[in-house]
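Descriptive analysis of the structure
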Amino acid sequence: MDFEFRFLTQDDLEQAFRLDQQTFNTPKDRRDRWIERAVPERRHGAFDGDRLVATSYVHAFGQFFGGRSVPMGGVGDVAVAPELRGKGLGRRIMIEAIQAMRTRGEVISALFPATTTLYRGLGYELAGAAVWHQVSPQMLRGLRGPDALETRRVEKGDDPTGIHRCYERVAPAINGWLDRDDWRWQSLWDWWHAGQYLYACENPDGEVEAYLAYRHEPTPPGTSGDYGLRVEQIVAATPEGLRAVWWTLASSSSLVDAVTFAASPEDALLLLMPEQRISVRAQVRWMLRVIDVHAAVAARGYAPSLELEVPLSVEDEILADNSGDWTLHVAEGEAHLERGGPGGPRLGIGALSSLFTGWASTATLSRAGLLEGGSPTQLRALDAAFAGPTPWMMEEF
């Protein structure tokens, strides 16, 4: 069967919504907002005649690694008509998206996979996590000190600038967090004020030191209480702000027995609590693909004190320009790749992507059979180049 592959137009969005609705059970009442927010020129479609049978969407994001924002294509809404699934159409439409990202200059791409197998075959690999933790608000009550800051409810008409600045103070230090543009902020703002509660903690000068967005949910399994609290985002630039927003949640301890929140394994809350009584409720591992190895390596940040030179060999079956022998140079917080080298570790684009974020070490990749060769010195150099805090995201797309 022959299909036409092209970007969508405004006239195709009604079909795209219906396919999205069938695939992801999108409620009918979201149609107008979905179409209003759609960006046709960032949606790829596969057409059987006039009928749209597959589609994908790529968000224009940045993603922080090493303290710098790296241009990232965030893949979502990959949908294939049910009768055509399993025939390679999803792979084909993703190849179209990958090639378009390369053309646009989106040097990495991330996604939350519905299936790992498909995306791994396209060069994506596990590169970070979204981990949902659970804690009793009773355990949080001791966080409030005698000179604690207060929080205030943020209403829809309030100026969001302070919250934006708070996030921008924190995000660059967390590998994997998004560099949000105005479109992303507006989407979040609308979402937070549609059935959620938004609070901000301000210092005496009016600067937002932390903010919190949460909603009610049914009582989680294995807990009691009238309902549960699900934190959608908690961002704190100072210890005082962190304590203040957690206290806002702790104040519900007479009614609620469980607070669910996204955090990294090294979350600061663990260092504030007297006991390690935080459990993992659920987690999903997101995937990343390096789209342009030369540009991606140059875009992220590195430890300023690091100076190294290491050869490596990369294989990419889809984007041939990434393949071949390279030499990685790192110095003064910058890095670049040069063509050629005396031989070194060999790895595919997926393994390189996992290494790029700091998710996997060379030892882990070697044990998985995804990295071969290289001397101990070369492998230690690669680990040092991409080392950093555990990459994670608190918002899916």
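Residues numbered from 1 in each chain as written. Predicted model: local features only at pLDDT ≥ 70, side-chain atom pairs only at ≥ 80, totals over all residues. Heavy atoms only, no water.

Below, the discussion takes up the pattern of salt bridges. What the rule picks out here adds up to 26 salt bridges. A salt bridge links Asp158 to Arg152, with the shortest nitrogen-to-oxygen separation between them at 3.3 Å. Given a relative accessible area of 26%, Asp158 falls into the partly exposed group. On the accessibility criterion, Arg152 (32% relative accessible area) is partly exposed. A salt bridge links Arg152 to Glu202, with the shortest nitrogen-to-oxygen separation between them at 3.0 Å. With Arg152 in strand E7 (residues 151-153) and Glu202 in strand E9 (residues 197-202), this residue pair connects regions lying 50 residues apart in the sequence. (Salt bridge = Lys/Arg side-chain N within 4 Å of Asp/Glu carboxyl O. Buried < 20%, exposed > 50% of the residue type's maximum accessible area, 1.4 Å probe, protein only. Helix = DSSP H or I, 4+ residues; strand = E, 2+ residues; numbered from the N terminus.)

Summarising burial for strand E2 (residues 43-48): five of the six residues are buried, a large majority. Where strand E1 (residues 4-7) and E2 come together, four bridges link them in antiparallel fashion. Looking across to E2, one finds that Glu4 is bridged to Phe47. Where E2 lies against strand E3 (residues 51-65), six bridges are found, and the strand directions are antiparallel. In the sheet register, His44 faces E3, and the bridge partner there is Ser56. Between E2 and the antiparallel strand that follows it, E3, lie two residues; Gly49 among them carries a positive phi value of about 70°. (Pairing = 2+ DSSP bridges.)

Here we come to helix H7 (residues 239-250). For H7, spanning twelve residues, the distance from its first C-alpha to its last is 16 Å, which sits close to the expected 16 Å at 1.5 Å a residue. With nine of twelve residues buried, H7 is to be regarded as a mostly interior element. If you check which residues of H7 are buried, you get Gly241, Leu242, Ala244, Val245, Trp246, Trp247, Thr248, Leu249 and Ala250. In this fold, the buried residues of H7 make contact with E7, E9, strand E10 (208-217), strand E11 (227-236), strand E12 (256-262) and helix H8 (269-272). (Expected span 1.5 Å × (residues − 1). Contact = heavy atoms within 4.5 Å.)

Let us now look at the state of the cysteines. Inspection of every chain in the model, using the stated rule, returns zero disulfides. Free cysteine: Cys166, not disulfide-bonded; nearest cysteine sulfur from Cys201 at 8.8 Å. The exposure class of Cys201 is buried, given its relative accessible area of 0%. (Disulfide = S-S within 2.5 Å.)

Now for the packing of aromatic side chains. In total, this model carries 16 aromatic pairs according to the counting rule given. Relative to Phe397, the ring of Phe61 lies with its centre 5.2 Å away and its plane at 65°, an arrangement referred to as edge-to-face. Separated by 336 residues along the polypeptide, Phe61 in strand E3 and Phe397 in the segment after helix H12 (376-386) bring together distant segments of the chain. Phe397 sits in the buried class, given a relative accessible area of 19%. Between Trp177 and Trp392 the ring centres are 5.4 Å apart and the planes differ by 70°, which places this aromatic pair in the edge-to-face class. Of this pair, Trp177 sits in the loop between helix H5 (161-170) and strand E8 (178-179) while Trp392 sits in the segment after H12, and the two are 215 residues apart along the sequence. Of the two residues examined, Trp177 and Trp392, each falls in the buried class. (Phe/Tyr/Trp six-rings, centres within 6.5 Å; stacked < 30°, edge-to-face > 60°.)

The subject of this paragraph is the sheet that holds strand E14 (residues 307-315). A sheet is described by the order of its strands in space; here five strands give the open sequence E16-E15-E14-E17-E18, paired in mixed fashion. Here the strands that pair on one side only, and so sit at the sheet edges, are strand E16 (334-339) and strand E18 (371-372). Contacts from helix H10 (residues 349-357) reach E14 and strand E17 (346-348) within the one sheet, and its direction differs from that of E17 by about 95°. (Axes fitted to C-alpha atoms, helices over the stretch in contact; angles between N-to-C directions.)

What follows deals with H5. Residues of H5 that are buried include every one of Ile163, His164, Cys166, Tyr167 and Val170, and no others. Summarising the axial view, the buried residues of H5 lie within an arc of 160°, below the 170-degree limit, and thus occupy one face. Against the buried residues of H5 lie E8, helix H6 (182-192), E9, E10 and E11. (Arc of directions from axis to C-beta.)

Moving on, we get to the nonpolar core. Most often, soluble globular proteins keep nonpolar side chains buried together rather than apart. Ile108, Tyr167, Trp177, Trp192, Tyr211, Leu288 and Leu328 are the most contacted members of the largest nonpolar core, which totals 67 residues. With sequence-adjacent residues up to four places away left out, Leu288 is seen in contact with Gln63, Phe65, Ile108, Ser109, Ala110, Gly123, Tyr124, Glu125, Ala127, Ser353, Phe356 and Thr357. (Core = buried A, V, L, I, M, F, W, Y, C linked by side-chain atoms within 4.5 Å.)

Tracing the backbone shows Thr26 in the loop between helix H1 (13-24) and helix H2 (31-37). Taking the relative accessible area as the measure of exposure, Thr26 reaches 11% and is therefore buried. Within the local environment of Thr26, its side chain forms a polar contact with the side chain of Asp20, the two groups lying 2.6 Å apart. Those residues in contact with Thr26 that lie beyond four places of it in its chain are Phe17, Asp20 and Gln21. (Polar contact = N/O pair within 3.5 Å; in protein donor to acceptor, adjacent residues only side chain to side chain.)

Let us look at a negative patch on the surface. Together, Glu168, Asp179, Asp181 and Asp182 make up a negatively charged patch on the protein surface. Checked against the element boundaries, Glu168 lands in helix H5. Its relative accessible area of 49% is what places Glu168 among the partly exposed residues. (Patch = residues over 30% accessible without salt bridge, like charges linked within 9 Å, V, L, I, M, F, W, Y side chains within 5 Å. Areas by Shrake-Rupley, 256 points an atom, 1.4 Å probe, with all protein chains shown as cover. Lys, Arg positive; Asp, Glu negative; His and termini not counted. Charge placed at Lys NZ, Arg CZ, Asp CG, Glu CD.)

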